Amino acid sequence: MIVLDKVNKYYGDYHALVDVTERVDDNEVLVVCGPSGSGKSTLIRTLNRLEEIDSGRIEIDGRDIHARGLDVNALRAGIGFVFQSFNLFPHLTVLENCTLAPVKLKRATKGEARDYAMRLLERVGLGHKADAYPGELSGGQQQRVAIARSLALDPKVMLFDEPTSALDPELVGSVLKVMKDLKSKGMTMVVVSHEMGFARETADRVVFMDGGVVVEEGTPDELFGNPKADRTRAFLSRVSG
């Protein structure tokens, strides 16, 4: 579903992504972890063109997504992106947040968009909050709305950029539960996260990045049970406390 081939990204003289080569199969859940500044958020943002790349190639579903002339809005309509900070429209209700894009981008009727959005909100446990505004919700509820909003476009891929890092610890579980439900239904997912428990339970593979480089990757059992690189072992000892 996703192929990265020797992807490089610079910010001035800073080499943020260094020859990153990776692939994510259909229905696979890939968790990307690493210390701050490792390049993991830059990497995930290149997957829907929130960041441009300087060299290399990224394909999603067989299409070069950084090709010249590509319709970026059409690309993003097929890729769900859940941000660290929710990014809901504060002046729209929960339901309106979830129906805006399908009506504007996919030409769904308001009735179709509303019916589908309500099913998604029920799925994330928030059907009863359809008429509330984001400011009336907890952080965990806002993030679950953000997931429902992304799903409203029927994406082939879901990207999560540290979706629980802005949440109080007691709210994290409700968001991770929704993400585990997505995995159970076969959604292809790339997740940047510090939630190592989630990675152990849900990831098919885990990638550890540092300094813009993929240092090590493997199944959760391989990476957590027998990390080969010193940098991986040092990172895991810090995050596991």
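Our subject is the structure listed above.
Residues numbered from 1 in each chain as written. Predicted model: local features only at pLDDT ≥ 70, side-chain atom pairs only at ≥ 80, totals over all residues. Heavy atoms only, no water.

Across the six residues of strand β9 (residues 205-210), five count as buried, placing the element largely inside the fold. Pairing geometry for strand β3 (residues 29-33) and β9, over four bridges, is parallel. Bridge pairing in β9 links Cys33 to Phe208. Here β9 pairs with strand β10 (residues 213-218) via five bridges, running antiparallel. (Buried < 20%, exposed > 50% of the residue type's maximum accessible area, 1.4 Å probe, protein only. Helix = DSSP H or I, 4+ residues; strand = E, 2+ residues; numbered from the N terminus. Pairing = 2+ DSSP bridges.)

So, on to the pairing of β3. Summarising burial for β3: five of the five residues are buried, a large majority. Here β3 shows no split at all, with Val29, Val31 and Cys33 on one side and Leu30 and Val32 on the other all buried. One ladder, built from four bridges, connects β3 with strand β8 (residues 188-192); its direction is parallel. Across the sheet, Val32 pairs through a bridge with Val192, a residue of β8.

On to the environment of Glu112, then. With respect to the helices and strands, the residue Glu112 is situated in helix α4 (residues 110-123). Residues Glu112 and Pro227, spaced 115 residues apart in sequence, show a C-alpha to C-alpha distance of 48 Å.

Two elements in contact, helix α5 (residues 139-151) and helix α6 (residues 169-184), have axes separated by 8 Å at closest approach and are oriented at 20°. Taken together, α5 and α6 sit at an angle that is classed as roughly parallel. Helix-helix and strand crossings are classified by hand; for α5 and α6 the assignment is right-handed. Every residue of α6 that contacts α5 at Gly139, Gly140, Gln143, Arg144, Ile147 and Leu151 is listed here: Leu171, Ser174, Val175, Val178, Met179 and Leu182. For the contact of α5 with α6, a count of residues per class yields seven nonpolar, four polar and one charged. (Axes fitted to C-alpha atoms, helices over the stretch in contact; angles between N-to-C directions. Parallel < 35°, antiparallel > 145°, perpendicular 65-115°, else oblique. Left-handed = near helix turned anticlockwise from the far one by under 90°. Contact = heavy atoms within 4.5 Å. Nonpolar A, V, L, I, M, F, W, Y, C, P; charged D, E, K, R; others polar.)

Further remarks concern the sheet that holds β8. Spatially, six strands are ordered β6-β7-β8-β3-β9-β10 in an open sheet, and the strand pairing comes out mixed. Edge positions in the sheet fall to β6 (79-82) and β10, since each has one partner strand and no second. For this sheet the average axis-to-axis angle between neighbouring strands, irrespective of direction, equals 15°.

Our next topic: empty space enclosed by the protein. Taken as a whole and judged by the stated rule, the model has one cavity of 30 Å³ or more. There is about 70 Å³ of room inside the largest cavity. Looking at the largest cavity, the residues that line it are Leu4, Glu22, Val24, Leu30, Val32, Leu43, Leu47, Val190, Val207 and Val214. Where the lining of the largest cavity is concerned, the elements lending two or more residues are β2 (14-24) and β3. A breakdown of the residues in the lining of the largest cavity according to their chemical character gives nine nonpolar, no polar and one charged. (1 Å grid on protein atoms, 1.4 Å probe; cavity = no way out; pocket = protein on both sides within 12 Å on 5 of 7 lines; lining within 4 Å. Points joined across faces, edges and corners; volume = space filled by probe spheres on them.)

With that out of the way, let us pick up the layout of surface pockets. Roughly 550 Å³ of volume is contained in the largest pocket. Elements with a minimum of two residues in the lining of the largest pocket: α2 (72-77), β6, α3 (94-105) and α5. Sorting elements by how many residues they give to the lining of the largest pocket places α3 first, with five residues. Estimated volume of the second largest pocket: approximately 200 Å³. If you trace the second largest pocket, you find it lined by Thr93, Leu95, Glu96, Thr99, Leu100, Val103, Lys110, Ala113 and Arg114. The set of elements that each furnish at least two residues to the lining of the second largest pocket consists of α3 and α4. For the lining of the second largest pocket, the leading source of residues is α3, giving five residues. Of the residues assigned to the lining of the second largest pocket, the class counts are four nonpolar, two polar and three charged.

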